[in-house]
Amino acid sequence: MKPVPHATSLRRAPIQRRSAERLTRILDACADLLDEVGYDDLSTRAVAQRAGVPIGSVYRFFGNKRQMADALAQRNLERYTERVTERLMGIREGGWRAAMDAVLDEYLAMKRTAPGFSLVDFGNQIPVGARHAEPNHRVADRLTELLSGYLDRTADDDLRRTFLIAVETADTLVHLAFRVAPEGDEKIIGETRELLRAYLARVLD
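Thresholds applied
Residues numbered from 1 in each chain as written. Predicted model: local features only at pLDDT ≥ 70, side-chain atom pairs only at ≥ 80, totals over all residues. Heavy atoms only, no water. Salt bridge = Lys/Arg side-chain N within 4 Å of Asp/Glu carboxyl O. Helix = DSSP H or I, 4+ residues; strand = E, 2+ residues; numbered from the N terminus. Buried < 20%, exposed > 50% of the residue type's maximum accessible area, 1.4 Å probe, protein only. Phe/Tyr/Trp six-rings, centres within 6.5 Å; stacked < 30°, edge-to-face > 60°. Lys NZ or Arg CZ within 6 Å of the ring centre and 35° of its normal. Axes fitted to C-alpha atoms, helices over the stretch in contact; angles between N-to-C directions. Parallel < 35°, antiparallel > 145°, perpendicular 65-115°, else oblique. Contact = heavy atoms within 4.5 Å. Nonpolar A, V, L, I, M, F, W, Y, C, P; charged D, E, K, R; others polar. Left-handed = near helix turned anticlockwise from the far one by under 90°. Arc of directions from axis to C-beta.

### A word on the pattern of salt bridges
Going through the model one piece at a time under the given rule, you end up with 18 salt bridges. For Asp157, the salt bridge identified is with Arg160, shortest N-O distance 3.9 Å. Here Asp157 and its partner Arg160 are both found in helix α8 (residues 157–180), three residues apart, which amounts to about one turn of the helix. Its relative accessible area of 9% is what places Arg160 among the buried residues.

Structure (structure tokens):
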């Protein structure tokens, strides 16, 4: 089970600081508009207006709104990785169970607070309602990289498969929790946590 290559949606990567800041404004505007109007009514022109940049600046980076949403999903994954890494650095005891709680808690926090995340997350919902295999593979690959060292385990195919199954399971159940309640049904989230612990115990204990 080989790692899935990182997705890239940029026509041109920013080189100068000013260009990078403009790209950040475009993605921030995209995220805000996703929450306000949804994916179907999202437009590159509206994003340009919200970001305060010429429409040509948007097209310099993206050919269409799908590529913008893909880039936002990739940024979400980068930020999620940073958040989990920071949490892991502060964990002194609890082993893999504490690490798993950090992984799930940071995902829930982003789902509740990060603009546009509820519609895009890591790419599974683009366009809204569609599901693709690769985003969860990338999440599992990131978690394998992060947690293998923390758990003193080899980042081999077996560990990657284990995390992929855990990610797919958590993804499905967390989406169910947020369909049941706007902030995520706590009972479903609790059952998700217990299910993940029971599954991972077979491999990590």
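### A few points about the environment of Asp171
For Asp171, the location among the structural elements is in helix α8. For Asp171, a relative accessible area of 4% puts it in the buried group. Once the C-alpha coordinates of Asp171 and Asn136 are considered, the two residues, 35 residues apart in sequence, prove to be 8.3 Å apart.

### Considerations on the packing of aromatic side chains
As enumerated under the stated definition, the model contains six aromatic pairs in all. Between Tyr80 and Tyr107 the ring centres are 6.5 Å apart and the planes differ by 80°, which places this aromatic pair in the edge-to-face class. In this pair, Tyr80 sits in helix α4 (residues 65–89) while Tyr107 sits in helix α5 (residues 95–113), placing the two residues 27 residues apart along the sequence. Residue class for Tyr107 comes out buried when judged on its relative accessible area of 8%. Through a chain of ring-to-ring contacts, three or more aromatic side chains come together here, namely Tyr80, Tyr107, Phe117 and Phe122. One cation-aromatic arrangement involves Lys65 over Tyr39; the distance from NZ or CZ to the ring centre is 4.6 Å. We note Lys111 situated over the ring of Phe178; from NZ or CZ to the ring centre the distance is 5.3 Å.

### A word on the packing of helix α1 (residues 17–37) against α4
In contact at an axis separation of 10 Å, α1 and α4 are set at 100° when each is read in the N-to-C sense. As judged from the angle between their axes, α1 and α4 are roughly perpendicular. Two secondary-structure elements touch here, α1 through Thr24, Ile26, Leu27, Asp28, Cys30, Ala31 and Leu34 and α4 through Met68, Ala71, Leu72 and Arg75. Residues that form the contact of α1 with α4 fall into these classes: eight nonpolar, one polar and two charged.

### Points about the packing of α5 against helix α9 (residues 186–204)
At their nearest, the axes of α5 and α9 sit 10 Å apart, and the two run at 145° to each other. As α5 packs across α9, the resulting crossing turns out to be right-handed. Where α5 approaches α9, its residues Trp96, Arg97, Met100, Asp101, Leu104, Asp105, Leu108 and Arg112 are matched on the opposing element by Glu186, Ile189, Arg193, Leu196, Arg197, Leu200, Ala201 and Leu204.

### With respect to helix α2 (residues 44–51)
Restricting attention to buried positions, one finds in α2 the residues Thr44, Val47, Ala48 and Ala51. In an axial view of α2, the angular spread of the buried residues amounts to 100°, which keeps them on one side of the axis. In α2, the exposed residues that point more than 90 degrees away from the buried face are Arg45 and Gln49. Tucked into the core, α2 has its buried residues touching α1, α3 (55–61) and α4.

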